[in-house]
Amino acid sequence: MFEREVTDHILTIRLAHKKANALDLELCDALREAIEDAAADASVHAIVLTGNGSIFSAGVDLPRLIDGGAAYVQPYVESLDAVLRALFLFPKPAIAAVNGHAIAGGAIIAFACDYRLMTGGRIGVPELLVGVPFPPLALEIVRFAIPRQHLQSMVYFGRTIEAPEAHTMRIIDEVVHVETLLTRAQTIAVQIAAIAPEAFRITKRQLREPFLHDASRVAAASAGEIDTMWAAPATHERIRAYVAKTIGKK
């Protein structure tokens, strides 16, 4: 599902799952485990997340979601939350080397990182166009990463934007050529990893803690309703229509 390589104490995780690195239950579980292992491994000073080909990740595996039905949805939503939480709280530097399209959950994976580089393609969160609400932590990560003046338009209209516009809007940090993506990501990872580890860990947690608290409050009030909507047959019909319109399946 992904490839791992360590260079100068920087672990590069390259997603290589199915056609578009779509996030299914197995990938979420495996990626969470890899991130947790890296957090516990003293020889790993930072991670770089990237993809294969021209797609970083197309987000949730929608055909799998509707095929799996309600029995698949609950463990999947929990697994998605767990991998996002592991990455958002990763105590070391995490660099997103976005090698192409990063859509929906793929964008949120990138948003959870500390620094985002992108070669091209589109990035955005079209969840409302799909017809599903954001899980609480996922939306807080979006809120964390997208500047306030752009947040509502990106979320309500489900906008996906090209890399140069995302850079102008400060959603990503750099646009780089595909041939230099991993080299530049490695450089940034080494630079941030040179910060005193405990000072970095505490500061990163302080920056993200308010968003975690907000996610917990929303989850306490609305998680049951959100989970019910994700599992509802009417929601799956909306997803089926979206998939048919956008990728010609189902």
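Above this text you will find the structure in question.
Thresholds, definitions, all that
Residues numbered from 1 in each chain as written. Predicted model: local features only at pLDDT ≥ 70, side-chain atom pairs only at ≥ 80, totals over all residues. Heavy atoms only, no water. Pairing = 2+ DSSP bridges. Helix = DSSP H or I, 4+ residues; strand = E, 2+ residues; numbered from the N terminus. Contact = heavy atoms within 4.5 Å. Axes fitted to C-alpha atoms, helices over the stretch in contact; angles between N-to-C directions. Phe/Tyr/Trp six-rings, centres within 6.5 Å; stacked < 30°, edge-to-face > 60°. Buried < 20%, exposed > 50% of the residue type's maximum accessible area, 1.4 Å probe, protein only.

## So, the sheet that holds strand β2 (residues 10-15)
Turning to step 1, where the next piece is worked out: One open sheet accounts for six strands, arranged β1-β2-β3-β5-β7-β10; its pairing is mixed. Of all the strands in the sheet, the pair left with one neighbour each is β1 (2-7) and β10 (174-175).
Turning to step 2, where the next piece is worked out: Relative to strand β7 (residues 115-118), strand β5 (residues 94-98) runs parallel, the two being bridged by four bridges. When the bridges of β7 are listed, Val-98 appears paired with Met-118.
Turning to step 3, where the next piece is worked out: Helix-sheet contacts for helix α8 (residues 181-193) involve β1, β2, β3 (46-51), β5, β7 and β10, and the interaxial angle to β5 is about 170 degrees.

## Brief notes about the sheet that holds strand β9 (residues 160-162)
The strands making up a sheet are joined through hydrogen bonds of the backbone, oriented either antiparallel or parallel.
Turning to step 1, where the next piece is worked out: Strand order in the open sheet formed by four strands is β4-β6-β8-β9, with mixed pairing between adjacent strands. With partners counted over all chains shown, the strands left at the sheet margins are β4 (55-57) and β9, one partner each. Shown here is a sheet whose adjacent strand axes are inclined to one another by a mean of 25 degrees, direction ignored.
Turning to step 2, where the next piece is worked out: Here two bridges tie β4 to strand β6 (residues 101-103), and the two strands are oriented parallel to one another. Across the sheet, the residue bridging to Ser-57 is Ala-102, located in β6.

## Let's talk about the packing of aromatic side chains
Turning to step 1, where the next piece is worked out: For the structure on display, the rule yields three aromatic pairs.
Turning to step 2, where the next piece is worked out: On the numbers, 5.6 Å between centres and 15 degrees between planes, the contact of Tyr-72 with Tyr-76 is stacked. Here the residue Tyr-72 and the residue Tyr-76 both occupy positions in helix α2 (residues 62-88), the gap between them amounting to four residues, near one helical turn.
Turning to step 3, where the next piece is worked out: Judged by its relative accessible area of 0%, Tyr-76 falls in the buried class.
Turning to step 4, where the next piece is worked out: For the pair Phe-88 and Phe-144, a centre-to-centre distance of 5.2 Å together with 85 degrees between the ring planes defines the contact as edge-to-face. In this pair, Phe-88 is assigned in helix α2 and Phe-144 in helix α5 (residues 136-145), connecting sequence segments 56 residues apart.

The values are spatial; any link to function lies outside them.
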